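# Observations on chain architecture
Each chain, letter by letter, is given below.
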Amino acid sequence: MADKVNNKIIVFDTTLRDGEQTPGVNITVPEKLEIARLLDVLGVDIIEAGFPASSRAVADAVSAIADSVSAGVCAMARCMESDVYTAWEAIKFAKAPSINIVMASSDIHLEHKLKMTRGEALRYTAECVRYAASLCPVEFTCEDSSRSDRGFMLELINSALNAGAKTINITDTVGYAVPSEFGELIRFVKSNTSREAVISAHCHNDLGLAVANTLSAVMSGAGQIETTLCGLGERAGNCPLEEVVMAIETRKQYFPFSHGIDTTKLYRTCARVSAITAIPIAVNKAVIGANAFAHTSGIHQHGVIENPLTYEVMAPQSIGKTGSDIILGKLSGRHAFAERAEHLGFELSEDELKLTFEHFRELAEVRKSVTDADLIAIINQIRVVPDVYTLDTFTIQSGNKIRASASITVIRGGVPYVGEGSGVGSVDAVYNAITNIVGKDWSLSSYLINAVTGGVDALGEVTVRVKHAGELHIGRGLSLDVIEASVLAFLNAINRSLAAGVPPDRR
Ligand code: MN
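Residues numbered from 1 in each chain as written. Predicted model: local features only at pLDDT ≥ 70, side-chain atom pairs only at ≥ 80, totals over all residues. Heavy atoms only, no water.

### Description of the overall build of the protein chain
Basically, it comes down to this: Secondary structure counts use DSSP, requiring at least four H or I residues in a row for a helix and at least two E residues in a row for a strand, with both numbered from the N terminus. The globule rule is 2.2 Å times the number of residues to the power 0.38, and the radius of gyration it is compared with is taken over C-alpha atoms. Whether a residue is buried, partly exposed or exposed follows from its accessible area with a 1.4 Å probe, protein chains only, as a fraction of its type maximum: under 20%, in between, or over 50%, in that order. Two residues form a contact once any of their heavy atoms are found within 4.5 Å. Note on areas: Shrake-Rupley, 1.4 Å probe, and residue coverage restricted to the protein chains presented here.
Helix and strand counts for the protein chain stand at 17 helices and 16 strands. Computed over C-alpha atoms, the radius of gyration of the protein chain comes to 25 Å, within 12% of the 23 Å expected from 2.2 N^0.38 for 507 residues, which places it in the range of a compact globule. Across the 507 residues in the protein chain, those meeting the buried criterion constitute 54%. Sequence separation of at least 24 residues holds for 66% of the intrachain contacts in the protein chain that already meet a minimum separation of 6. Summed over all atoms, the accessible surface of the protein chain reaches about 21,800 Å², with 54% contributed by carbon and sulfur.

As structure tokens, this is what we get:
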């Protein structure tokens, strides 16, 4: 049994499947690919890449991922032959493909969601797992395990194991369990199954207990943990990879397990995922929040200066966060810039380096210093989606006694398009000018502005969600001028919706 031999915890990440179901998140295929590559270099063992039967677009994204990473690639399937076939078609070229077959084990899910008897559930499980196991290794998930009748769940698990499943995933789908109870459930399953299997733990965070429940599962013999980056996922999300791994890492004596994660890549990986999904990281979030290593009280500051161990249980460097801040100025050359980016963990291509360096020089021209936070914001602007519309120029007339009006020129395919608009304020006016060019069927649904660093010369980072054809699309813009950042964010959302093509089916 792999998890016993070397005491290694298998990290199964579902950012691209469960995490992609975060409300308001809609990421494009190239962005999914980028996240998959980030997970791969982070050292995740298995990437759950999606649910191919949900739509053609998801199936295509899953097979693109299967082709381009060396980690294991898993596809989710409901307990039906057609789902398993579609999943297999999407992952068959992966280096280590696997299929995650999901069947509800609780009566509440069987009765109200699947409208299925226990007997039918047992029969479909045996048939479907047997078919999938003839293709590749199978993980069998008991959905809603923590609210299931144990006797029936065990029957279901044993029928999956007898049909060839290698991993059994015990879930707290609704985030209801408490740590001692969930650990006990894992022990119960482990000691009563008919065959050897890796036991996996899949916990949700509805009561803020996902990490605690996952750790309890590990202590009770689970050999695999299911996580998402930044804790993305349905409702309050899944168990955050960065938190559970840093708990294991920081309390090694308590958790005598190894894992394959390169923790020094955690900070920048999470920052990039947050930028792609436009789900901000709370400042007080454990491990990766902006305040996670900030000390305000004089006594604490003094202590940390004398010795960081006084108030820090882990070093910021262990997650790839550097101590220094003021770094580059307008005299810094391309080499210094590239070195700093590399130090922060970014591997930029020649083109990306050229683009981001230009952006950096523009900023350095007007600002005395450029901080790591600025640099990360600039690099996070790298577009993985080609721009259809680009900004040429805009002007705005605004004041407290007049209605704002705006004029904008955007370029599409080398051709300039001019739009005029008015509104209740500068942003409203310029957005109306844009929709007068691109069409009225793009409407703003949310707008968020964030200053990257303090001060009136801070970079403004604007994130918008724009509705088009019933789908929400995220857009981001960065500029020293907040109106320009707003324009760039809106255009970015439009470009992304044009690149997204067929909207994926939501589940
Ligand atoms: Mn889930």
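There is more to say after this.
### A word on the sheet that holds strand 14 (residues 443-451)
The condition is simple: Pairing between strands is defined by DSSP: at least two bridges between them are needed. To obtain an axis, a line is fitted to C-alpha atoms, over the contacting stretch when the element is a helix, and the angle between two such axes runs from 0 to 180 degrees between their N-to-C directions.
Read from one edge to the other, the open sheet built from 3 strands follows the order 14-15-16, with strand pairing classed as antiparallel. Whereas interior strands pair on both sides, the edge strands pair on one side only; in this sheet they are strand 14 and strand 16 (471-479). Across the sheet, the axes of successive neighbouring strands diverge by a mean angle of 15 degrees, strand direction being ignored. Inspection of the sheet shows strand 15 (residues 460-468) paired to strand 16 by 9 bridges, in the antiparallel sense. Note that in strand 16 the partner of Arg465 across the bridge is Ile474. Docked against the sheet, helix 17 (residues 482-500) engages strand 14, strand 15 and strand 16, running at close to 145 degrees with respect to strand 16.

### Considering the coordination of the manganese ion
Defined as follows: Only nitrogen, oxygen and sulfur atoms within 2.8 Å of the metal, or 3.2 Å for Na, K and Ca, are treated as donors, and water is left out, so sites may look incomplete.
Distances from the manganese ion to its protein donors, namely Asp18 (OD), His202 (NE2) and His204 (NE2), fall within the range 2.0 to 2.3 Å. The sequence pattern formed by the donor residues of the manganese ion is D-x183-H-x1-H. Of this pair, Asp18 sits in the loop between strand 1 (10-13) and helix 2 (29-42) while His202 sits in strand 7 (residues 198-203), and the two are 184 residues apart along the sequence. Comparing Asp18 with His202 shows no difference in burial state: the two are buried.

### Describing the pattern of salt bridges
Side chains carrying opposite charge are able to pair once their charged atoms draw close together. Filter applied, for reference: Note on definitions: salt bridges are taken to be side-chain nitrogens of Lys or Arg within 4 Å of carboxyl oxygens of Asp or Glu.
What the rule picks out here adds up to 23 salt bridges. With a shortest N-O distance of 2.8 Å, Arg118 and Asp107 are connected by a salt bridge. Here the residue Arg118 occupies a position in helix 6 (residues 118-133), and Asp107 occupies one in helix 5 (residues 107-114), the gap between them amounting to 11 residues. The network of salt bridges with common partners includes Arg17, Asp18 and Glu48.

### Here's the deal with the side chain of Thr214
Take Thr214: it is sitting in helix 9 (residues 210-219). Those residues within four positions of Thr214 in sequence are excluded, and the remaining contacts are Cys203, Ile225, Cys239 and Val244.

### Focus on the packing of aromatic side chains
Spelled out, the test is: The aromatic pairing rule takes the rings of Phe, Tyr and Trp, using the six-membered ring of Trp, and pairs them if the centres are within 6.5 Å, calling planes under 30 degrees apart stacked, those over 60 edge-to-face and the rest tilted.
Counted by the stated rule, this structure contains 5 aromatic pairs. Note on Tyr254 and Phe255: the rings are 5.2 Å apart at their centroids and 85 degrees apart in plane angle, and the pair reads as edge-to-face. The class for Tyr254 is exposed, based on a relative accessible area of 51%. Look at Phe255 and you get buried, because its relative accessible area is 8%.

### What about the nonpolar core?
Stated formally: Only buried residues count toward a nonpolar core, which is a set of Ala, Val, Leu, Ile, Met, Phe, Trp, Tyr and Cys residues joined through side-chain atoms within 4.5 Å.
Formed by 91 residues in total, the largest nonpolar core has its most connected members in Ile99, Ile101, Phe140, Ile168, Ile170, Phe182 and Leu241. The element that contributes the greatest number of residues to this core is helix 7 (residues 150-162), accounting for 6 residues. Residues in contact with Leu241, not counting those within four places in the same chain, are Val11, Asp13, Leu42, Val44, Thr227, Thr228, Leu229, Ile261 and Leu266. Ile408, Ala429, Phe490 and Ile494 belong to the second-largest nonpolar core, a separate cluster that totals 25 residues.

### Considering the environment of Ala57
The topology assignment puts Ala57 in helix 3 (residues 56-68). Judged by relative accessible area, Ala57 falls into the partly exposed class, the value being 25%.

### Comments concerning the packing of helix 16 (residues 426-438) against helix 17
What counts, and what does not: Left-handed describes a crossing whose near helix is turned anticlockwise from the far helix through less than a right angle; right-handed describes the clockwise counterpart. Classification used: nonpolar for Ala, Val, Leu, Ile, Met, Phe, Trp, Tyr, Cys and Pro, charged for Asp, Glu, Lys and Arg, polar for all others including Gly.
Packing of helix 16 against helix 17 brings their axes to within 10 Å, and their N-to-C directions diverge by 35 degrees. The two elements helix 16 and helix 17 cross, and the hand of that crossing is right-handed. Each of Ser426, Val427, Val430, Tyr431, Ile434, Thr435 and Val438 in helix 16 lies in contact with helix 17, whose residues at this interface are Ile483, Ser486, Val487, Phe490, Leu491 and Ile494. Of the residues assigned to the contact of helix 16 with helix 17, the class counts are 10 nonpolar, 3 polar and no charged.

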